[in-house]
Structure formats: structure tokens, C-alpha cells
Amino acid sequence: MTRTKAAGAATLPLNEILAGDCIEVMNRLPEASVDLIFADPPYNLQLRGDLHRPDNSRVDAVDDAWDQFASFEAYDRFTRDWLRAARRLLRPNGAIWVIGSYHNIFRVGAALQNEGFWILNDVVWRKSNPMPNFRGKRLTNAHETLIWASKAEASKYTFNYEALKALNEGVQMRSDWHLPICTGHERIKDANGDKAHPTQKPESLLHRVLVSTTNPGDVVLDPFFGTGTTGAVAKMLGRNFVGIEREETYREVAARRIERIRPYDRTALEVTGSKRAEPRIPFGQLVERGMLRPGEVLVSPNGKSAKVRADGTLVGNDVKGSIHQVGAALEGAPSCNGWTYWHFRREGKMIPIDLLRQQIRAEMSAAEAPRAN
């Protein structure tokens, strides 16, 4: 059950929406207790007058009091204060995402650096269905910018590179994300059929952020919770959330929304891991276990060959060394991934030696499984 209450507990209240000013609430929460922060702060849009469509209908723009500041200095002071409170809450290897538009993101970026955060990437969210520029005096504002930063330069932040690559059909994820704005069934409406929140973010955006930079069980804080997109996606993905929201109307909408969410089952939450995180298997172990025999000839896709030696090294064309060194020497290349370069023959077929390495890793995983239970 998702509850809303005033903050003040000594322990971090997980999976709850806390009422109050985000700076005051964050300053009461325990230090170094959060893995990731996703912040969608007021943009300080500086709107002047009503905005109308060509048919003269009024655009439901962001004109709420929470987005209005007396000056840039006032906005900068607010930004500095909430970032300072947020950084205190992050664990040493924690990170933060902040989203904004051209109205505020450059000021926020400077404040992040001034407070000691280390910027990792800026991401352009390119909207597939942006709102047109009805006045026709500027370019259509078709994107927003996200800044991803670690707590410090030396932080060992979470980045699920292989999972993002899998999301992108096997291609390395770029820093321009083409995603739609929140519309249709996803857009939450109030009793009058109007938008419950003017800047509700799409779940697809939070899904990508949380899959890429958190793991199941991590704690995600959103100090500008709104209608709870961060909490909803966190719950689906098996992450814990802490939401802070000062507007009662938004808290009520968020609580009802998250209450309806059902988390994915445990197996569905597993993502493609980094190959670097897999256990290291020396080539010599394949020889020790008899999977390859000393004297056996390995071949490359382009016909180069080398012979396996008893100590797990290769010899070919008077070149001796590891599977990587010999492959690189034969190709005249600065480096070579011997696991994918070398193949062995079985029943007339060429099989990469990496298949044997994966077989050993599978056996190791199977042996570890009972301990995890």
C-alpha cells in the first residue's frame, strides 16, 4: 500500500509519498541512504500571458504557482539548496538525473558542477509528438534535456550498458532518445477531464532511466514527485521509491496511481549483464578440463592456425603467447579477442572456443543457484 505522510522518521520511509517542501523533507532524511535521484524540478518557464491555438482555443500551459520565481537569482538559490540536500542523501556511488528545458537546464547544470556532482552525460529527449509553436515566432521546442551525474568523480555508479544495448536492438544506446510525450491512456485526468498535472512525464522515459542506472532493490528518490511516474515505474521494476510532493492534489493522484501498479515477476526483472561482470575463465582451464587437448589445432575464420600447448598458450608461425597475443600477431593487429577469433573443429564444423567458456560459466551458475535460494 502506498501511503502519504509527513516526513520525520529516523529511518528512510520506503515506498511512501512524503508531504512538504522538498528541501525541508530531504534535510530530515538519513544521510547517504539513496542510490539514485530522479528530479523534474520547476522549469521557471517565465510565461507571459495566455497561449492560444490557431482555432483560438486556450493552451493548458504551465502557469502554476510552483513554477514561478521572482528572479533568476531566486531560482538559482532554490536550485542550489535542493541539490545540496539531494547530494547529502546519495550514497557514495549514487547518481542523479535532472530533466529540464532551455529555460532552466543550463542553470541547473552549472549548479550541479558547483555542488560537486560529476556530469556523466547529457541526454536529449527528442519528442516524437511535440506541441507546436503556436505563435510562430520561434522554432518548435521538440526536446528536453536530461543531465546524468554521479555524486563525485570517483563514484562507481551503476550503468547497465548491456541492458541498454539490448533495449536498442543490439546497438550501443546513444544520448538522443526518441520517445513520445505523455498522451492518450497514459495521461492522468482529473474529475473534470483536465490534465491532472501539466508536465507529466511518460513512463517510457523513466523505464529507460531506471533500467540503465539502477538495479532491483535500489532506492530511488524523486523530490518533485508530481503524479508519481517515478514511483509507478520503480514499483513495476522492483525498485524502492521515496517521493516528495508538496501539493496535496498531486499526492492523492500519485497514491491512487501507484496503488494500482503490480510489480513484474522476479525473472522478468533480470536484464542483460555486462560481460565484464561475468566470472573470468582462463583459456588454460579449457585445457586442464580436457575440453581442448594439447596439440589440438585452432583455426581462425580467415584460415590462420595455431596449436594448443599444455600450459594454455598457443604457438603459430613461431609466435607464442596467449590466445589474444597470437591472434593479434598473426593478423598484424594491435589487439585481438582470442575468444571469438579462434575456433576448433568438431564433426566437420567450426566452433568458437567462446562456446566452451560459456559452458563453464553455465556450470558455475548452476552450482551457485542452490546457495541463492
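Identification of the protein as Methyltransferase from Halodurantibacterium flavum is taken from an unreviewed UniProt entry. What UniProt records for the protein under Catalytic activity (unreviewed entry) is the sentence "a 2'-deoxyadenosine in DNA + S-adenosyl-L-methionine = an N(6)-methyl-2'-deoxyadenosine in DNA + S-adenosyl-L-homocysteine + H(+)". Looking at the protein in UniProt, the text filed under Sequence similarities (unreviewed entry) is "Belongs to the N(4)/N(6)-methyltransferase family."

A.B. asks: Summarise helix H2 (residues 72-89); cite the residues concerned and give the values.
C.D. replies: In this model, H2 (18 residues) spans 26 Å end to end at C-alpha, consistent with the 26 Å of a helix rising 1.5 Å per residue. If you check which residues of H2 are buried, you get Ala-74, Tyr-75, Phe-78, Thr-79, Trp-82, Leu-83, Ala-85, Ala-86 and Leu-89. Each buried residue of H2 sits inside an arc of 160 degrees when the element is viewed along its axis, so together they form one side. Its buried side turned inward, H2 meets helix H1 (22-28), strand E3 (34-39), strand E4 (90-100), helix H3 (105-114) and strand E8 (219-222).

A.B. asks: Can you break down the environment of Asn-160 residue by residue, with the values?
C.D. replies: Among the secondary structure elements, Asn-160 is positioned in the loop between strand E6 (143-150) and helix H4 (161-167). With a relative accessible area of 15%, Asn-160 lands in the buried category. With 55 residues separating them along the chain, Asn-160 and Asn-215 place their C-alpha atoms 8.5 Å apart. For Asn-160, the residues in contact, after removing those within four places along its chain, are Val-211, Ser-212, Thr-213, Thr-214 and Asn-215. A distance of 2.8 Å separates a polar side-chain atom of Asn-160 from the backbone oxygen of Val-211.

A.B. asks: Talk me through the packing of helix H6 (residues 229-236) against helix H7 (residues 248-259); I want residue IDs and the actual numbers.
C.D. replies: How two helices pack is summed up by the angle between their axes together with the distance between the axes. With their axes 9 Å apart at the nearest point, H6 and H7 run at an angle of 15 degrees to one another. Here H7 runs roughly parallel to H6, going by the angle between their axes. Of the two elements, H6 crosses H7, and the hand of that crossing is right-handed. Mapping the contact onto sequence places Thr-229, Gly-231, Ala-232 and Lys-235 in H6 and Arg-257, Ile-258 and Glu-259 in H7. Taken together, the residues of the contact of H6 with H7 break down into two nonpolar, two polar and three charged.

Analysis parameters
- Residues numbered from 1 in each chain as written.
- Predicted model: local features only at pLDDT ≥ 70, side-chain atom pairs only at ≥ 80, totals over all residues.
- Heavy atoms only, no water.
- UniProt positions renumbered as here; feature names shortened; annotations may be inferred.
- Helix = DSSP H or I, 4+ residues; strand = E, 2+ residues; numbered from the N terminus.
- Expected span 1.5 Å × (residues − 1).
- Buried < 20%, exposed > 50% of the residue type's maximum accessible area, 1.4 Å probe, protein only.
- Arc of directions from axis to C-beta.
- Contact = heavy atoms within 4.5 Å.
- Polar contact = N/O pair within 3.5 Å; in protein donor to acceptor, adjacent residues only side chain to side chain.
- Axes fitted to C-alpha atoms, helices over the stretch in contact; angles between N-to-C directions.
- Parallel < 35°, antiparallel > 145°, perpendicular 65-115°, else oblique.
- Left-handed = near helix turned anticlockwise from the far one by under 90°.
- Nonpolar A, V, L, I, M, F, W, Y, C, P; charged D, E, K, R; others polar.

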